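What follows is the residue order along each chain.
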Number of protein chains: 2
Amino acid sequence: MNAPSFSISHLKVACSNCNLRELCLPVGLSLADIEKLEELVATRKRVKRGESLFRAGDRFESLYAVRLGFLKSTVMSSDGREQVTGFHMAGELVGLDGISSETHSCDTVALEDTEVCVIPYERLEEVAAAVPMLRNHFHKVMSREIVREHGVMLLLGSMHAEERLAAFLLNLSQRFEARGYSRTEFVLRMTRAEIGSFLGLKLETVSRVLSRFAQDGLIEVNQKHVRIVNPDGLRAIVSGQAPACER
Amino acid sequence: MNAPSFSISHLKVACSNCNLRELCLPVGLSLADIEKLEELVATRKRVKRGESLFRAGDRFESLYAVRLGFLKSTVMSSDGREQVTGFHMAGELVGLDGISSETHSCDTVALEDTEVCVIPYERLEEVAAAVPMLRNHFHKVMSREIVREHGVMLLLGSMHAEERLAAFLLNLSQRFEARGYSRTEFVLRMTRAEIGSFLGLKLETVSRVLSRFAQDGLIEVNQKHVRIVNPDGLRAIVSGQAPACER
DNA sequence: CGCTATGTTGAATAAGATCAAAGGCGGTGG
DNA sequence: CCACCGCCTTTGATCTTATTCAACATAGCG
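Residues numbered from 1 in each chain as written. Chains lettered and ligands numbered in written order. Predicted model: local features only at pLDDT ≥ 70, side-chain atom pairs only at ≥ 80, totals over all residues. Heavy atoms only, no water.

Visitor: Sorry, what's going on with the nonpolar core here?
Guide: One recurring pattern in soluble globular proteins is that nonpolar side chains are buried together. Counting residues in each nonpolar core, the largest one holds 72 residues, and the members touching the most others are Leu165 and Phe213 of chain A together with Leu165, Phe168 and Phe213 of chain B. When near neighbours in sequence (up to four residues on either side) are disregarded, leucine 165 of chain A contacts Ile195, Leu199, Leu201, Val206, Val209, Leu210 and Phe213 of chain A. Judged by nonpolar contacts, the second largest core, of 56 residues, contains Phe60 and Ile146 of chain A together with Ile34 and Ala65 of chain B. (Core = buried A, V, L, I, M, F, W, Y, C linked by side-chain atoms within 4.5 Å. Buried < 20%, exposed > 50% of the residue type's maximum accessible area, 1.4 Å probe, protein only. Contact = heavy atoms within 4.5 Å.)

Visitor: Please clarify how the protein's contact with DNA strand C should be interpreted in this entry.
Guide: Every one of the 17 residues lining DNA strand C counts as a neighbour, but Ser211 and Lys224 of chain A together with Ala161, Thr205 and Arg208 of chain B are closest to it. When the atoms of DNA strand C within 4 Å of the protein are sorted by group, sugar and phosphate make up 64%. With respect to DNA strand C, the side chain of arginine 192 of chain A contributes an N or O atom lying 2.8 Å from a phosphate oxygen. Sorting the residues of the surface near DNA strand C by element identifies helix H6 (203-215) of chain A together with helix H6 (203-215) of chain B as the ones contributing at least two each. Along the lines of polarity and charge, the residues of the surface near DNA strand C split into 3 nonpolar, 7 polar and 7 charged. (Near = heavy atom within 4 Å. Polar contact = N/O pair within 3.5 Å; in protein donor to acceptor, adjacent residues only side chain to side chain. Helix = DSSP H or I, 4+ residues; strand = E, 2+ residues; numbered from the N terminus. Nonpolar A, V, L, I, M, F, W, Y, C, P; charged D, E, K, R; others polar.)

Visitor: Where do I start with the interface of chain A and chain B in this structure?
Guide: Interfaces are often sized by the accessible area lost when the parts come together. If you look at the interface, chain A gives 47 residues, while chain B gives 47 residues. Along the contact surface separating chain A from chain B lie 6 salt bridges. Between lysine 140 of chain A and glutamate 102 of chain B there is a salt bridge, with the nearest N and O atoms lying 2.4 Å from each other. Looking at the side of chain A that touches chain B, the element that brings in the most residues is helix H3 (residues 132-158) of chain A, giving 19 residues. (Salt bridge = Lys/Arg side-chain N within 4 Å of Asp/Glu carboxyl O.)

Visitor: How should the sheet that holds strand S7 (residues 185-187) of chain B be read in this particular structure?
Guide: Consider a sheet: its strands pair through backbone hydrogen bonds, and that pairing is either parallel or antiparallel. Residue and element names in this part refer to chain B. Strand order in the open sheet formed by 3 strands is S7-S9-S8, with antiparallel pairing between adjacent strands. If you trace the sheet from one side to the other, it starts and ends with S7 and strand S8 (219-222), each paired once. Adjacent strand axes in the sheet meet at a mean angle of 15 degrees when their direction is disregarded. Alignment of S8 against strand S9 (residues 225-228), held across 4 bridges, turns out to be antiparallel. Within S9, the position partnered with asparagine 222 by the bridge is histidine 225. In this fold helix H4 (residues 161-178) packs onto S7, S8 and S9, with an angle of close to 100 degrees to the strand it touches most, S7. (Pairing = 2+ DSSP bridges. Axes fitted to C-alpha atoms, helices over the stretch in contact; angles between N-to-C directions.)

Visitor: Looking at this structure, how should I read the relation of the copies chain A and chain B?
Guide: Both copies of the chain are related by one operation, a rotation about an axis with a shift along it. Least-squares fitting of chain A to chain B yields an RMSD of 0.0 Å, with the transformation described by 0.0 Å of translation along the axis and a rotation of 180 degrees. Classification of the inter-copy transformation places it as that of a two-fold axis. The C-alpha atom lying nearest the rotation axis in chain A is that of alanine 129 of chain A; the distance is 2.2 Å. A high fraction, 100%, of the interface residues of chain A reappear at the interface in chain B, so the copies pair face to face through one surface. (Least-squares fit on C-alpha atoms with pLDDT ≥ 70 in both.)

Visitor: Sorry if this is basic, but what is going on with the protein's contact with DNA strand D here?
Guide: Taken together, 18 residues lie near DNA strand D, and Ala161 and Thr205 of chain A together with Arg192, Ser207 and Ser211 of chain B sit nearest. Backbone atoms, meaning sugar and phosphate, make up 64% of the atoms of DNA strand D lying within 4 Å of the protein. Taking arginine 192 of chain B, its main chain carries an N or O atom lying 2.7 Å from a phosphate oxygen of DNA strand D. Looking at the surface near DNA strand D, the elements that each hand over two or more residues are H6 of chain A together with H6 of chain B. When residues in the surface near DNA strand D are grouped by element, the largest group, 5 residues, is from H6 of chain B.

Visitor: Where do I start with helix H1 (residues 31-40) of chain A in this structure?
Guide: Each α-helix turn comprises 3.6 residues. Residues three or four places apart therefore point the same way. All names here are of chain A. What H1 keeps buried is the set Asp33, Ile34, Leu37, Glu38 and Leu40. Buried residues in H1, looked at end-on, bunch into an arc of 150 degrees, giving them a common side. Counted as exposed and oriented over 90 degrees from the buried face of H1: Leu31 and Glu39. Taken together, the buried residues of H1 touch strand S6 (107-120), helix H2 (121-130) and H3. (Arc of directions from axis to C-beta.)

Visitor: For this particular structure, what's the right way to read the pattern of salt bridges?
Guide: Pairing is possible between side chains that carry opposite charge, provided their charged atoms lie close to one another. Residues and elements named next belong to chain B. By the definition in use, this model includes 40 salt bridges over all chains. Between arginine 44 and glutamate 115 there is a salt bridge; the shortest N-O distance is 3.5 Å. Highlighted residues: arginine 44 in strand S1 (residues 43-47) and glutamate 115 in strand S6 (residues 107-120), separated in sequence by 71 residues. Look at arginine 44 and you get partly exposed, because its relative accessible area is 22%. Between arginine 175 and glutamate 92 there is a salt bridge, and its shortest N-O distance comes to 3.2 Å.

Keep in mind these numbers describe shape, not what the thing actually does.
Rendered as structure tokens:
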């Protein structure tokens, strides 16, 4: 449905022609600098649905830029509890967790057939040293990830189930829109359990809240297909202006 | 109590003499490289208890390395809910959130009188480009922050109140130990409400759980003073081996 | 076409929140 | 130096929300 029309016209990696260059690492780079980046990003990798791009404990060697597809990252506690820490879509950079200890600390798994550009980290460090804009942008990407996680902490630490779900749907909506897809209609690539894990809720709660949203005319849900009918209503819920007791 | 004996013998910043150099940015640098870092870190700044180092919306100009003291960072949602995103102690780098948008996205406030080294970011970028070890270490610091936040997400998303508190106490213990203080006895610089905000709990719950831990002989609490009596007991709680129903 | 995954819904339960009251500590100013 | 005030903390009683347990529905896959 929302998958972009698949047409890689050349096998060689070419950031300069990539339709994600405005979202991905090349942002703000000159053509000359993009060429240096292209030398770096030599290979692509396909990950089938259900397979993992890397696992916790794997040696860290590369970052990955999502070209196509959808992934989740999860961390596992010593006693086996799993927490989804994020969902990743085209143009996003994954693997940043591995830099700190040279070992990945989370699992990253494709939720649909996915293709990533492989960015060998050692070479990225070298190129970043020589290309100020790239260095700067790379730092911004890492910082943005920190800020994003602050937002998730706010959500997990101080929001109710309905607020979390509403925020989640609006966030997806906005990210789809930024990629040229519909912001009102999209397919959830993840299961209710995965949404629940990410939001700190049980899958039954996710299902119930989605049903309630649908009943209140905020969204339409049909399995994984979601249509946002009343985005302002969702926004009102996120900002606490419509607590459950008022409806 | 646990404050280090205060003796700054020279006013000039000198990473090479700083007792935090094994925790802070200079980690792994040669003496020559540390000197380059010292040129960069020209000034210090004092922040009195209750004052803020920076606020959300402030223009981002510098990172700060905590030399002495204790701070918290908080994010605020549009409707005024506040979430503590972290507590910072000596040797830790704060302000990383500002890089992404050149504007700080959280407030960082001193919980006791604090002194930080000011690291002008533009100059850090230049020096990092020229000093591979520093660049590498800086990237690791950012990545470590991302990994830390994954841990907090796991805690907020999938742990019970007792598990959260136990994990929190053990984390503080370990950080104090790394700084040469006692790992079994320390002073909480933050209020119960701040602990609660960080852990996604209400202050009453924090208080109750601490009382229960004390009753079970895991810790001794006297206001802000905490003594860890049975760290293995706390670890057992964190790893879910001692759910409330079993005690 | 049947099976397993995933999703929905209901009823009972439990964990933590909320409301309320009282005690203690520290800082300030007389 | 002491008394007072405000903030922080503790503890109890009650209530709400989300979880748990369970049954059933549906869909996609082999």
